[in-house]
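# Per-entry structural report
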Amino acid sequence: MKRLLFSLYGFAFFNKFLLLTPVYAIFMQENGLTDLQLSTMFIISSVATILGQMPITFITNRVGQRWSMIVGQFLKMIAILLWLIYPTYIGFVIGMVLWGVQAGFRSVAFEGLVYDSVSASGHKSEYSKILGRKSTYESIGTAMSAFGSLLMFLGYTWVTWASVFAILLSILCLIIVPYRPAQRKIQKHQFKKMFRTGIKVCFKTPCLISIMILTLLVGNVPFLDDFLSPIALQIGIPTEYVGALSFFLLACAILGQRYAYKFSRLTDGILYSLIGLVGAGYITFALIYNIGSLWIMGGAYTLFYGVYTLMYSRFQHMIPLGHRSVVLSLYTTLMYIVYMIVCGIIGLGATLGSWRYSIIILGIMMMVLCAWALVYVRNRCRLPQK
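One structure accompanies this document, and this report is about it. This is a predicted model, so every value here is computed, not measured. (Residues numbered from 1 in each chain as written. Predicted model: local features only at pLDDT ≥ 70, side-chain atom pairs only at ≥ 80, totals over all residues. Heavy atoms only, no water.)

### Some details on the overall build of the protein chain
When helices and strands are counted, the protein chain shows 16 helices and 0 strands. By residue count, 57% of the 386 residues in the protein chain fall in the buried class. Within the protein chain, contacts between residues at least 6 apart in sequence are counted, and of these 85% link residues at least 24 apart. Working note: accessible area of the protein chain is about 15,800 Å², and carbon and sulfur atoms make up 69% of it. (Helix = DSSP H or I, 4+ residues; strand = E, 2+ residues; numbered from the N terminus. Buried < 20%, exposed > 50% of the residue type's maximum accessible area, 1.4 Å probe, protein only. Contact = heavy atoms within 4.5 Å. Areas by Shrake-Rupley, 256 points an atom, 1.4 Å probe, with all protein chains shown as cover.)

What follows is the structure in structure tokens.
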């Protein structure tokens with residue numbers, strides 16, 4: 001079990017420990033991208049993830065979760081090297097497409113690998129805690145990558161190659177995962193039948209589809225990680241220190257993820273009310289919108305990541321055995337559809353003259369989501385409290 005957790009947590013950390021994370025958006029804009037074009041980059045990545053779901057799920061069922069993940073990591077490596085070699089709009093688009101496909105592999109293959117590995121080891125009851133810690137290591141990796149902005153004096157080339165090294169370490173962690181599930185080779189006609197069955201399972205189980213939709217909305221509507229650098233510049237943080245905002249907010253995210261499992265028995269009413277509190281925090285921060293109000297955003301981020309960890313854990317427990325990869329594929333597709341919409345909203349909000357308008361809109365959306373969850377989902381399906 002120790003080796004399993006070491007390898008899973010190691011991948012979670014190194015997959016996110018990319019020193020170019022806080023600077024690649026700035027790098028793109030320095031090479032000609034406008035605010036709206038920057039938003040389209042994330043939308044393009046999401047489209048690639050969605051369109052890749054069928055082949056990604058087929059490959060995962062065909063060759064296994066581990067090797068699917070390795071393929072995805074190599075695609076991400078190629079993407080960031082392409083940005084360095086060909087820093088144009090077309091180069092950024094191609095790189096985002098490759099990164100989007102990698103994100104699909106991670107969502108379908110890695111999340112399934114974590115659950116299946118923990119279940120096979122006989123520690124299924126500890127999944128919420130392990131999920132929270134896995135997410136914590138991901139956030140630690142992202143938070144530490146914030147130091148990439150401090151290293152820009154060495155040049156973007158150095159930061160890129162350091163990120164490539166981190167990806168190679170993440171691949172090594174995948175190779176040493178001790179769990180090797182028996183993999184049944186899925187033929188194309190079998191896969192299509194299995195995929196259709198999995199989709200039917202989702203939509204014929206009102207409880208599952210309701211929690212799936214709520215979970216993906218909670219996890220994506222307040223997601224600002226990809227826009228923290230330009231937001232930092234706008235509230236007065238110098239370019240070389242923009243990583244500090246990412247570091248601070250991701251430290252708050254770590255706090256929420258790390259201790260979320262301690263609140264796994266929260267009632268639906270309290271859990272869903274916290275969604276509205278996240279929205280209120282966003283709106284308050286945007287109305288003040290200066291460095292001094294970051295503590296409000298920090299509190300909102302802590303709640304955001306904590307609530308999402310609890311929701312995602314409950315969603316995983318509800319997925320029927322034998323349909324995990326298909327259900328996760330559907331979840332990923334819906335997740336990126338929502339993410340594209342959110343990116344569009346953020347981009348349009350920025351065209352009004354400030355990113356603060358985007359944050360206010362997202363805060364209002366979270367409060368509406370809170371009301372929907374309390375009135376509709378709470379009465380439709382009682383989530384497992386264990």
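### Some remarks on the nonpolar core
Among the nonpolar cores identified, the biggest contains 117 residues, and Leu224, Tyr282, Tyr301 and Phe315 are the most heavily contacted of them. With 14 residues, the single largest contributor to this core is helix 15 (residues 324-350). Those residues within four positions of Tyr301 in sequence are excluded, and the remaining contacts are Pro222, Phe223, Leu224, Asp225, Leu249, Cys252, Ala253 and Tyr282. (Core = buried A, V, L, I, M, F, W, Y, C linked by side-chain atoms within 4.5 Å.)

### Observations regarding the packing of helix 4 (residues 53-63) against helix 6 (residues 89-120)
With their axes 10 Å apart at the nearest point, helix 4 and helix 6 run at an angle of 50° to one another. The orientation of helix 4 relative to helix 6 falls into the category oblique. By crossing handedness, the relation of helix 4 to helix 6 is classed as right-handed. Side by side, helix 4 and helix 6 meet where Gln53, Ile56, Thr57, Ile59 and Thr60 of the first sit next to Val101, Gly104, Phe105, Val108 and Ala109 of the second. Considered class by class, the residues forming the contact of helix 4 with helix 6 number 6 nonpolar, 4 polar and no charged. (Axes fitted to C-alpha atoms, helices over the stretch in contact; angles between N-to-C directions. Parallel < 35°, antiparallel > 145°, perpendicular 65-115°, else oblique. Left-handed = near helix turned anticlockwise from the far one by under 90°. Nonpolar A, V, L, I, M, F, W, Y, C, P; charged D, E, K, R; others polar.)

### Here we look at the side chain of Ser145
The residue Ser145 is located in helix 7 (residues 127-145) in this model. From its side chain, Ser145 meets the backbone oxygen of Leu18 in a polar contact 3.5 Å long. Contact partners of Ser145, with chain neighbours within four places excluded, come to Lys16, Phe17, Leu18, Leu19, Thr21 and Pro22. (Polar contact = N/O pair within 3.5 Å; in protein donor to acceptor, adjacent residues only side chain to side chain.)

### Some words on the packing of aromatic side chains
The final tally for this structure, using the stated rule, is 19 aromatic pairs. When the centroid spacing of 6.2 Å and the interplanar angle of 70° are considered together, the rings of Phe223 and Tyr339 count as edge-to-face. A residue pair is termed long-range when its members are at least 10 positions apart, and Phe223 in the loop between helix 10 (206-220) and helix 11 (228-234) and Tyr339 in helix 15 qualify at 116 residues. (Phe/Tyr/Trp six-rings, centres within 6.5 Å; stacked < 30°, edge-to-face > 60°.)

### Quick look at the side chain of Ser170
By the element assignment, Ser170 lies in helix 8 (residues 156-175). Judged by its relative accessible area of 0%, Ser170 falls in the buried class. Apart from residues lying up to four places away in sequence, Ser170 is in contact with Phe11, Phe14, Asn15 and Gln73.

### Remarks on unusual backbone geometry
Positioned with a positive phi, Tyr289 is a non-glycine residue whose angle comes to about 55°. Tracing the sequence through the fold places Tyr289 in the loop between helix 13 (268-288) and helix 14 (294-318). Its relative accessible area of 10% is what places Tyr289 among the buried residues.

### Comments concerning the environment of Thr160
Assignment of secondary structure puts Thr160 in helix 8. Under the relative-accessibility criterion, Thr160 is labelled buried at 0%. Separated by 77 residues in sequence, Thr160 and Trp83 place their C-alpha atoms 9.1 Å apart. Residues within four places of Thr160 in sequence aside, it is in contact with Leu20, Ile80, Leu81 and Leu84.

### Some remarks on helix 6
Note that an α-helix has 3.6 residues per turn; residues three or four places apart therefore point the same way. Look at helix 6: 45 Å from first C-alpha to last across 32 residues, which is about the 46 Å you get at 1.5 Å a residue. Taken as a whole, helix 6 carries its principal kink of about 30° at Arg106. Where burial is concerned, most of helix 6 is hidden: 23 out of the 32 residues are buried. (Expected span 1.5 Å × (residues − 1). Bend = angle between axes of the 7 residues up to and from the residue.)

### A short note on the pattern of salt bridges
For the structure shown, the criterion picks out 3 salt bridges. In this structure, the salt-bridge partner of Glu138 is Lys134, at a minimum N-O distance of 3.8 Å. Note that Glu138 and Lys134 are positioned in helix 7 at a spacing of 4 residues, about one turn of the helix. With respect to class, Glu138 is no different from Lys134; both count as buried. As a salt-bridge pair, Arg314 and Asp268 come within 3.6 Å of each other at their nearest N and O atoms. Here the residue Arg314 occupies a position in helix 14, and Asp268 occupies one in helix 13, the gap between them amounting to 46 residues. There is no split in this pair, since Arg314 and Asp268 are both buried. (Salt bridge = Lys/Arg side-chain N within 4 Å of Asp/Glu carboxyl O.)

### Re empty space enclosed by the protein
All chains considered together, the criterion is met by 3 cavities of 30 Å³ or more. The volume enclosed by the largest cavity comes to roughly 1,200 Å³. Of the residues contributing to the lining of the largest cavity, the split by class is 21 nonpolar, 16 polar and 8 charged. (1 Å grid on protein atoms, 1.4 Å probe; cavity = no way out; pocket = protein on both sides within 12 Å on 5 of 7 lines; lining within 4 Å. Points joined across faces, edges and corners; volume = space filled by probe spheres on them.)

### Considerations on helix 14
In a regular helix each residue adds 1.5 Å, so 25 residues correspond to 36 Å; helix 14 covers 36 Å between its end C-alpha atoms and thus fits that length. Of all 25 residues in helix 14, 20 are buried, a share of seventy percent or more.

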